[in-house]
Amino acid sequence: MTSAPAAVTDRLGAVHRYPMAPLIRFTLIGLYLALVLPLPALAPPELRAGLGLALPLGLLLVVAATSEQVSVDDTALAVGHPRWCAWLLRRGWRLEWHEIGGLTPVATSQGGRVWYVRRATAAGGTTPAQAYLLPQRVQHLEALLAQFQMHTGLDTSAIGRISPPWTYQLLAGLTALMLAAELLAGAALARGLWAIPAAMAAG
């Protein structure tokens with residue numbers, strides 16, 4: 001039997017944080033690396049220095065984008081990024097529990113469903129309620145939904161992950177194969193066992 005994750009343990013005044021699931025986050029970071037690492041070797045010589053500067057910046061942006069997390073405490077639900085990158089990615093939202101009026105499902109083009117958290121409207125108000133996307137790719141999603149239901153009284157039993165885990169497991173496997181092949185090719189190039197065709201190297 002496994003012990004309950006720290007994010008599930010409830011303490012008075014505690015802030016529970018739910019980051020993106022590691023399988024999803026590191027698969028996306030690995031996919032970025034698999035796609036861009038070969039570019040400097042394949043690019044014309046005059047572009048290699050620029051790519052060498054751009055690729056780390058791109059990696060920083062991917063790491064920042066995948067650092068989104070959900071924070072839950074006794075008063076509110078908040079979605080945002082850590083301080084080190086929040087200034088760059090000015091996205092996120094925060095709702096007090098009493099401000100939440102409902103949940104709205106929306107079908108995706110891939111056949112899944114995403115859920116929006118609706119802000120409660122004032123009695124007799126005519127302004128359409130604002131809606132905020134509820135992250136469904138977080139670690140310990142079930143614990144987050146239990147907290148949400150406890151604080152709002154809204155039924156969350158129909159909410160699940162957008163994609164089944166096997167899709168990301170498959171993508172992670174393919175990404176690992178791509179990275180392994182690129183490392184082997186790089187080692188072969190370094191040892192002179194293989195050379196990039198002249199036409200490809202010239203662009």
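Relevant structure appears above.
This write-up is about the structure you can find in this document. (Residues numbered from 1 in each chain as written. Predicted model: local features only at pLDDT ≥ 70, side-chain atom pairs only at ≥ 80, totals over all residues. Heavy atoms only, no water.)

**Details of the pairing of strand β1 (residues 16-19)**
The cut-off we apply is this: Relative accessibility decides the category of a residue: with a 1.4 Å probe and only protein chains considered, values under 20% of the type maximum give buried, values over 50% give exposed, and everything between is partly exposed. The helix count covers DSSP runs of H or I at least four residues long, the strand count covers runs of E at least two residues long, and both are numbered beginning at the N terminus. For two strands to count as paired, DSSP must find a minimum of two bridges between them.
Alternating residues of β1 divide into His16 and Tyr18, all buried, and Arg17 and Pro19, none buried. Relative to strand β2 (residues 69-72), β1 is paired through 4 bridges, and the arrangement is antiparallel. Looking at β2, one finds that His16 is bridged to Val72.

**Details of the sheet that holds strand β5 (residues 100-107)**
The test is simple: Structural elements are reduced to axes, namely lines fitted to C-alpha atoms, with helices fitted over the stretch in contact, and the angle between N-to-C directions of any two is expressed from 0 to 180 degrees.
In space, the 3 strands of this open sheet follow the order β5-β6-β7, with antiparallel pairing throughout. In the strand order of this sheet, the two ends are held by β5 and β7 (131-133), each with one partner. On average, each strand axis in the sheet is inclined to that of its neighbour by 30°, with strand direction left out of account. Sheet topology places strand β6 (residues 113-119) next to β7; 3 bridges connect them, and they run antiparallel. Considered in β7, the bridge of Arg118 is made with Ala131.

**Here we look at the layout of surface pockets**
Stated precisely, the cut-off is as follows: With a 1 Å grid laid over protein atoms only, a set of points is called a cavity when a 1.4 Å probe fits there but cannot get out and a pocket when it is open yet has protein on both sides within 12 Å along at least five of seven lines; lining residues have an atom within 4 Å of a point. Grid points are joined across faces, edges and corners, and a volume is the space filled by probe spheres set on the points. By the convention adopted, Pro, Cys, Tyr, Trp, Phe, Met, Ile, Leu, Val and Ala count as nonpolar, Lys, Arg, Asp and Glu as charged, and the other residues, Gly among them, as polar.
One number sums up the size of the largest pocket: a volume of about 370 Å³. What lines the largest pocket is a set of 16 residues, and nearest its centre among them are Glu68, Val79, Leu133, Pro135 and Arg137. Partitioning the lining of the largest pocket into residue classes produces 10 nonpolar, 3 polar and 3 charged.

**Topic: the packing of helix α1 (residues 22-36) against helix α3 (residues 45-65)**
The relative placement of two packed helices is expressed as an angle between their axes plus a distance between the axes. Our working rule: Roughly parallel covers angles under 35 degrees, roughly antiparallel covers those over 145, roughly perpendicular covers 65 to 115, and oblique covers all other angles. Crossings are classed by handedness, with left-handed meaning an anticlockwise turn of the near helix from the far one by less than a right angle and right-handed meaning a clockwise turn. A contact between two residues is defined here by any heavy atoms of the two lying within 4.5 Å.
Where α1 contacts α3, the two axes come as close as 10 Å, and the packing angle between them is 165°. Comparing the axis directions of α1 and α3 gives the class roughly antiparallel. For the pair α1 and α3, the crossing hand works out as right-handed. Contacts between α1 and α3 involve Arg25, Leu28, Ile29, Tyr32, Leu33 and Val36 from the first element and Ala54, Leu55, Gly58, Leu59, Val62 and Val63 from the second. When its residues are assigned to classes, the contact of α1 with α3 shows 10 nonpolar, 1 polar and 1 charged.

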